[in-house]
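If you want the building blocks of each chain, they are given just below.
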Amino acid sequence: MTAADRPGTARPTLLRMERVDKTFGGDVVALKGMSLEVRTGDFISLLGPSGCGKSTALRLISDLLHPTAGRITWTEGQGVGDLGVVFQEPTLMPWATVAQNVWLPFRLRGQPYSSVRDEVLEALKLVGLERFQSSYPRELSGGMKMRVSIARAMVTRPRLILMDEPFAALDEITRFRLNNDLLRLKEAIGCTVIFVTHSVFESVFLSDRIVVMAARPGRVITELSVDAAYPRDDAFRTSSEYAGYTRRATDALHEAMGEAA
Amino acid sequence: MSIAEPTEQVTAVDPDEVARLRARRLERFGKWILPAVVLVLMLGLWDRIVVWNEIPHYILPGPGLVLQTLIDDWAMLFEALLVTVQITLMALAVAVIGGVGLAVLFTQSRLVEMSFYPYAVILQVTPIVAIAPLIFIYVDSRIAGLLLCAWLVAFFPVLSNTTLGLNSADHNLRDLFRIYGASRWQTLRFLQLPSALPYFLGGLRIAGGLSLIGAVVAEYVAGTGGLKSGLAFRILEAGYRLNIPRMFAALILIAVTGVIIFAGLSFLSHMLLRKWHESALSRDR
């Protein structure tokens, strides 16, 4: 691990949230005073109980919602295709083949399939599904659908990928495998990831920064850094280092939930 | 998961499997044989009732006489059938264009929807037999009048189903389209229209039957046959002349036409959806 990969050292800022509030309907405070500096190459987990505003934060960053107060700024400006999104559901178009689904971000930019076939196939290869390019989503298992969804998010090589509890509905074995693959993919395309989860284990395994959040009102309680070196694999899952981080994250989460109660 | 699983070759080992295979066999043959048996029984019963009770043919003709009439009057009835089918298909086409067009307009502009939807409902709930005489007062062309009546009956299922379909596109996919900066047209073309297809096809199947009903009812009201008379007029005419066998023959033709339209649209629906939609998938178990 080089110094440039170490969290906290000088990596350029990609995105900054400054004291962002989001209130719905005048009285439901979904997010209060959230500040976050996202640096290029970060893997940030937003960890917290339901209703802590994790998903609201993602929707604010993706510009689907607008802050009630505060601001969100991209340091170099954001263009279409700078952002990839993975939802909790695979969110594929059932009438389109796997390759057509992955083509979508390009298609919406007006790029015909023939001009981006290589990128689409490359993305499918990265998630190990190149053989299934002509299949329809219903022919795939839950884990495979999620892989297609990830391939679609990565196909444009975005600078930032937002993931909203993408593996919550999968069985644990599949989840572990996808966690491993996700880290490998992130290295391969060199993007930044913000990952919403309510699993302490997942957040410790994946991220170098864990933002712990509390509910009512949704807010940031603390931030932990996980300084374990990448690449991480199954050995890391059973290490005492991992157990230590897990305990600290669990304590922080309990503290957050205690405060919220 | 796969569609082409050779389930038949599985050797039945437990009672569940045996029961399942038997149910499957029954399903396959029973679907055709049972209605055919019912048909034969009913025809036989009909024939016997007529013969035993010595019912005169101007009250109730037997099935044999009806068939004979169908063959004898075929030239005239077939010509009338073509007229009715023509009106029906044109009305269906206009119902599809009008229904889908209005649905798209409604989803593009909430203002248009709020302004016009109540009137679409009013048109739908007003019985066509009540409006038809008025239509034939104000519309000179007989064909145009018939078309308008049939369209009024048929367009609403297309409109309401397509509107529902356009609005039921997956919310996350909508968000995704917004994030990728999709235009209104792109969202309609690549997301809303494909999402609406199964709903539209459901509406289309209903509209197919309704346009036939609309065409027949309108012709009943329009009354006097012009140069080209449809089946409804032939039924009326035969009624005046107490030619009951011909009424039955024309009725059979209308029913058969309705069944063919329904089967055709069902087949179309199956072909368009078979690759991806739940309704068209064979269940594994």
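Just so it is clear, the structure is predicted and the values come from calculations on it, not from any experiment.

Reading the values: the criteria
Residues numbered from 1 in each chain as written. Chains lettered and ligands numbered in written order. Predicted model: local features only at pLDDT ≥ 70, side-chain atom pairs only at ≥ 80, totals over all residues. Pairing = 2+ DSSP bridges. Helix = DSSP H or I, 4+ residues; strand = E, 2+ residues; numbered from the N terminus. Axes fitted to C-alpha atoms, helices over the stretch in contact; angles between N-to-C directions. Domains from an automatic or database assignment. Contact = placed C-beta atoms within 7 Å. Buried ≥ 20, exposed ≤ 12 C-beta atoms within 10 Å, placed from the backbone.

A. The sheet that holds strand E4 (residues 69-74) of chain A, seen in detail. All names here are of chain A. Strand order in the open sheet formed by 3 strands is E2-E1-E4, and the pairing between neighbours is antiparallel. The open sheet has two edge strands with one neighbour each: strand E2 (28-39) and E4. The mean angle between the axes of side-by-side strands here comes to 15 degrees, regardless of whether they run parallel or antiparallel. Summarising the sheet, strand E1 (residues 13-24) and E4 pair through 5 bridges and their orientation is antiparallel. Residue pairing in the sheet places Met17 in a bridge with Ile72 of E4.

B. Local environment of the domain arrangement of chain B. Each assigned domain of chain B is listed with its residue range as follows: domain 1 (7-52) and domain 2 (63-280). Using C-alpha coordinates to define each centre, domain 1 of chain B is positioned 33 Å away from domain 2 of chain B.

C. How the structure looks around the domain arrangement of chain A. Residue and element names in this part refer to chain A. When cut into domains, chain A gives domain 1 (25-32 + 40-82 + 159-261) and domain 2 (94-157). Relative placement of domain 1 and domain 2: their C-alpha centres are 25 Å apart. Between domain 1 and domain 2, the residue contacts involve 12 residues of the former and 11 residues of the latter. Counting residues per element, the side of domain 1 that touches domain 2 draws most heavily on helix H5 (residues 172-189), which supplies 5 residues.

D. Looking closely at the interface of chain A and chain B. Across the boundary between the two partners, chain A contributes 17 residues, which contact 17 residues of chain B. When contributions to the side of chain A that touches chain B are tallied by element, the ones reaching two or more residues are strand E5 (83-86) and helix H2 (98-107) of chain A.

E. Quick look at the environment of Ser109 of chain B. Note that Ser109 of chain B resides in the loop between helix H3 (74-108) and helix H4 (110-125). On a C-alpha basis, the gap between Ser109 of chain B and Phe248 of chain B in space is 49 Å, while along the polypeptide they are 139 residues apart.

F. Summary view of the sheet that holds strand E7 (residues 192-197) of chain A. Residue and element names in this part refer to chain A. The 6 strands lie next to each other as E5-E6-E7-E3-E8-E9, forming an open sheet whose pairing is mixed. Every other strand in the sheet has two partners, leaving E5 and strand E9 (219-225) as the edge strands with one partner each. The sheet shows a mean angle of 15 degrees between the axes of neighbouring strands, direction not considered. Strand direction decides the pairing type here: strand E8 (residues 209-214) and E9, joined by 6 bridges, are antiparallel. Bridge pairing links Ala214 to Arg219 in E9. Lying on the sheet, helix H1 (residues 54-61) is in contact with strand E3 (43-47), strand E6 (160-164), E7 and E8; it crosses E7 at an angle near 150 degrees.

G. Spotlight on the pairing of E6 of chain A. Residue and element names in this part refer to chain A. Counting buried positions along E6 yields 5 of 5 residues, so the element is predominantly enclosed. Burial of E6 is two-sided: the residues Leu160, Leu162 and Asp164 facing one way and the residues Ile161 and Met163 facing the other way are all buried. Sheet topology places E5 next to E6; 4 bridges connect them, and they run parallel. Bridging from a neighbouring strand, Val85 pairs with Leu162 of E6.

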